[in-house]
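Per-entry structural report
Here is what each chain is made of, one letter per residue.
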Amino acid sequence: MVKIHKQQFLILITVILLLTACGFKLRGQATALPFKTMYVTAPDGHTIGIEMERMIKATPTTRLSQSAAEAEATLDIVNAFNERAILSLSGGGRVRDFNLIYRVNYRVLDNKGIEIVPNTEISLTRVLPFLDAQVLAKEAEERLLLKDMQSDAIQQILWRLSTIKFPAESTQ
């Protein structure tokens, strides 16, 4: 059994309190959004819409709506696509590195159809070293990198949405 001295315990508690006081939180924790209800639209054939809905469901303040008419705001993912460009070639003219690019365009509309956030693009890049002898492994690595870039884009969208100052409706 590990014995913790009183001084070590106090230092540990102090560090924990300082981390929570500065706003530190783990990356996977959901961010509070300024909307009570939200609807997500995404292009067919992309998993970003499903993943975005899953992340919004995990937020403490926002509930997902079944239609845009019921929602306080609509997150419209206009498009999401990935590209692969040659980054460098060997002396023999063979590909050494690819540049993977993942782009997401989105906008946010209120329930009246007015844009809260205009069309915005998030672009992420990763370098994929390539060897002809490891084609299957590099294809699997590329899929993992693209999935990671999609998750990163979702986190960035949620973080940006959490900073929106959404005016509360006045009751008249």
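- Naming follows an unreviewed UniProt entry, where the protein chain appears as LPS-assembly lipoprotein LptE of Nitrosomonas ureae.
- Under the heading Sequence similarities (unreviewed entry), UniProt records this for the protein chain: "Belongs to the LptE lipoprotein family."

**Here we look at the overall build of the protein chain**
- When its secondary structure is counted, the protein chain shows three helices and five strands.
- Counting from the amino terminus, the protein chain carries its helices and strands in the arrangement α-β-α-β-β-β-β-α.
- The proportion of buried residues among the 172 residues of the protein chain is 31%.
- For the protein chain, the share of sequence-separated contacts (at least 6 apart) that also reach a separation of at least 24 residues comes to 66%.
- Carbon together with sulfur atoms contributes 57% to the accessible area of the protein chain, which is approximately 11,500 Å² in total.

**Some details on the pairing of strand β3 (residues 73–89)**
- With four bridges connecting them, strand β1 (residues 37–41) and β3 associate as parallel partners. Looking across to β3, one finds that Thr41 is bridged to Asp76.
- As paired strands, β3 and strand β4 (residues 95–110) are joined by 15 bridges and run antiparallel to one another. Across the sheet, residue Ser88 finds its bridge partner in β4, namely Asp97.
- Linking β3 to β4, which pair antiparallel, is a turn of five residues; within it Gly93 sits at a positive phi near 85°.

**A look at the pattern of salt bridges**
- What the rule picks out here adds up to nine salt bridges.
- Measuring nitrogen to oxygen at the nearest pair gives 2.9 Å for the salt bridge that ties Glu51 to Arg54. Of this pair, Glu51 and Arg54 are both found in helix α2 (residues 48–57), three residues apart, which corresponds to roughly one turn of the helix.
- Since its relative accessible area comes to 23%, Glu51 is described here as partly exposed.
- On the basis of relative accessible area, Arg54 is assigned to the partly exposed category, the value being 48%.
- Note that Glu142 and Arg84 form a salt bridge whose closest N and O atoms lie 3.1 Å from each other. Residue Glu142 is found in helix α3 (residues 135–162), and its partner Arg84 is found in strand β3; the two are separated by 58 residues along the sequence.
- Accessibility expressed as a relative area gives 16% for Glu142, which makes it buried.
- Three or more residues joined by partner-sharing salt bridges are found here, namely Asp76, Arg107 and Glu115.

What counts and how
- The numbers attached to residues start from 1 for each chain and follow its sequence in the written order.
- At least 70 in pLDDT is required for a residue's local features to be given in this predicted model, at least 80 for side-chain atom pairs to be given and counted, and no such filter applies to totals for whole chains, interfaces and linings, which use all residues.
- Each side-chain value is derived from all of the structure's non-hydrogen atoms; neither hydrogens nor water enter the calculation.
- UniProt positions are given in the numbering used here, feature names are shortened, and annotations may be inferred rather than shown by experiment.
- Secondary structure follows DSSP: runs of H or I at least 4 residues long count as helices, runs of E at least 2 residues long count as strands, and numbering of each begins at the N terminus.
- Relative accessibility under 20% of the residue-type maximum defines a buried residue, over 50% an exposed one, and the middle range a partly exposed one, all with a 1.4 Å probe and only protein chains included.
- Whether two residues touch is decided by their heavy atoms; if any such pair falls within 4.5 Å, the residues are in contact.
- Reported accessibility uses the Shrake-Rupley method at a 1.4 Å probe radius. Residues are deemed covered only where the shown protein chains occlude them.
- At least two bridges found by DSSP between two strands are what make those strands a pair.
- Salt-bridge detection follows one rule: a side-chain nitrogen of Lys or Arg within 4 Å of a carboxyl oxygen of Asp or Glu.

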